[in-house]
Every structure is written in structure tokens, then in C-alpha cells.
Amino acid sequence: SIIESNNFNEGTTIVRIANYKEMIFEGKVKEYNIKDLKIGMDSEISLAFNPKKKIKGKLFHIDTKGQNIKGGISFLIKIRIDNYPFIRVGISGKANILIKKRDKVLAIKESWLKEKGGEFYLEILEGDNIIEKEIITGLSDGINIQVIKGVSLLEKIVVQ
């Protein structure tokens, strides 16, 4: 049975047409990351069925209004993927958008950091003693963080 569209009813969808030559990835970005995104940024998308295969795309849409999802604000983004024949509507995936990059830097696990009074420090093993050394941090990917100043490669970091 097919119902017509009117003021009280959306009607019945009979067919949906998709243009597979221009696929669009839709994802959500947390509010603390949204400030770094700009239209036209390159992205790499990995799909659930083949996570090792990286698909290139370009960010073309960032919602202006966030949505409250599980107690946090997220923004809808859209990435255009051109001519990838194996994608189908509804496949899940993950997009990585490179915001900033640093090569050949000292980086540690962010979980190793201690915080006291707004300053970051590490516990360092010096002989038989554990001392606290204040450090200055740089870029972070949410797992690893750049150490700009305060610790060297030769020092032994104490981790829990």
C-alpha cells in the first residue's frame, strides 16, 4: 500500500537513487576539535569491511549547529569521495583529517603525564630516586603528545 505525501504524512518512499560516482561520508566531530577544521581539508577514510585500504576525500561541509550526543556536543561533517566502486550506502567507517603535523619529535603517551596546578610533569628515575620534572608539551593526537622541553631521550620515565 502506498500513501501519498500531505501535511499530515510523509508518504511512502518507493525508491531512492544514489549517485555512486560522488559518494559522501558523513561523520561527527567533537566540539573541541571543530575549531581546527576548514572546508577543503584532505582526509583518509577507512571502512569497516577493509580498514587497511585508505580512501581519499575532501571535507566540504561542517554543520554550524552542534548536536548533544551522549552528554557531549558533536558537529556533523561531510567528506566527498570521488569514484570509489566498492562503497555502498550505510557502510560504517572512520575518517582521519590531518590538522597539523610534526616530524622527528620526542613524543610520549599522553596517559604518562601528571598534572599539578595547571602544569604538566613526568616522574623520572634518577638513580634510586623518582623525581618530578616539569615539561612543556606540543601537539597531541589524543594518545601521544609531543614533548617540547623538559625531558630527553636518555631519561627513564616512570609509568604506572
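Scroll up a little and you will see the structure.
Residues numbered from 1 in each chain as written. Predicted model: local features only at pLDDT ≥ 70, side-chain atom pairs only at ≥ 80, totals over all residues. Heavy atoms only, no water.

Engineer: I would appreciate a short explanation of unusual backbone geometry in the present structure.
Structural biologist: Trans is the prevailing form of peptide bonds, just as negative phi is the prevailing case for residues other than glycine. Of note in this structure, Lys70 is not a glycine but carries a positive phi near 55°. Relative to the elements of secondary structure, Lys70 occurs in the loop between strand S4 (67–69) and strand S5 (72–82). In the Ramachandran plot, Lys104 falls in the positive-phi region, its phi being about 55° despite a non-glycine side chain. Position of Lys104 relative to the elements: it lies in the loop between strand S6 (93–97) and strand S7 (107–109). Classification of Lys104 by relative accessible area gives exposed; the value is 87%. (Helix = DSSP H or I, 4+ residues; strand = E, 2+ residues; numbered from the N terminus. Buried < 20%, exposed > 50% of the residue type's maximum accessible area, 1.4 Å probe, protein only.)

Engineer: Where do I start with the packing of aromatic side chains in this structure?
Structural biologist: Remark: the centre distance and the inter-plane angle together describe each pair of aromatic rings, the angle taken between the planes. Enumeration over the complete set of coordinates arrives at zero aromatic pairs. In this arrangement the basic side chain of Arg80 is found over the ring face of Phe60, its NZ or CZ atom lying 4.1 Å from the centre. (Phe/Tyr/Trp six-rings, centres within 6.5 Å; stacked < 30°, edge-to-face > 60°. Lys NZ or Arg CZ within 6 Å of the ring centre and 35° of its normal.)

Engineer: I'm lost on the environment of Ile69 in this one. Help?
Structural biologist: Considering the arrangement of structural elements, one finds Ile69 in strand S4. In this structure Ile69 comes out as partly exposed when scored by relative accessible area, which is 27%. With 28 residues separating them in the primary sequence, Ile69 and Met41 have C-alpha atoms 25 Å apart. Each residue touching Ile69, except ones within four places of it in the same chain, is listed here: Lys28 and Ser74. (Contact = heavy atoms within 4.5 Å.)

Engineer: Hey, could you run me through the pairing of strand S3 (residues 50–62) in this one?
Structural biologist: With six bridges joining them, strand S2 (residues 42–47) and S3 adopt antiparallel strand pairing. Directly across from Leu47, in S3, lies its bridge partner Asn50. Linking S2 to S3, which pair antiparallel, is a turn of two residues. Of the pairings in the sheet, the one linking S3 to S5 comprises four bridges and is antiparallel in character. Note on S5: the bridge partner recorded for Ile62 is Ile77. (Pairing = 2+ DSSP bridges.)

That's the geometry; what it means functionally is another story.
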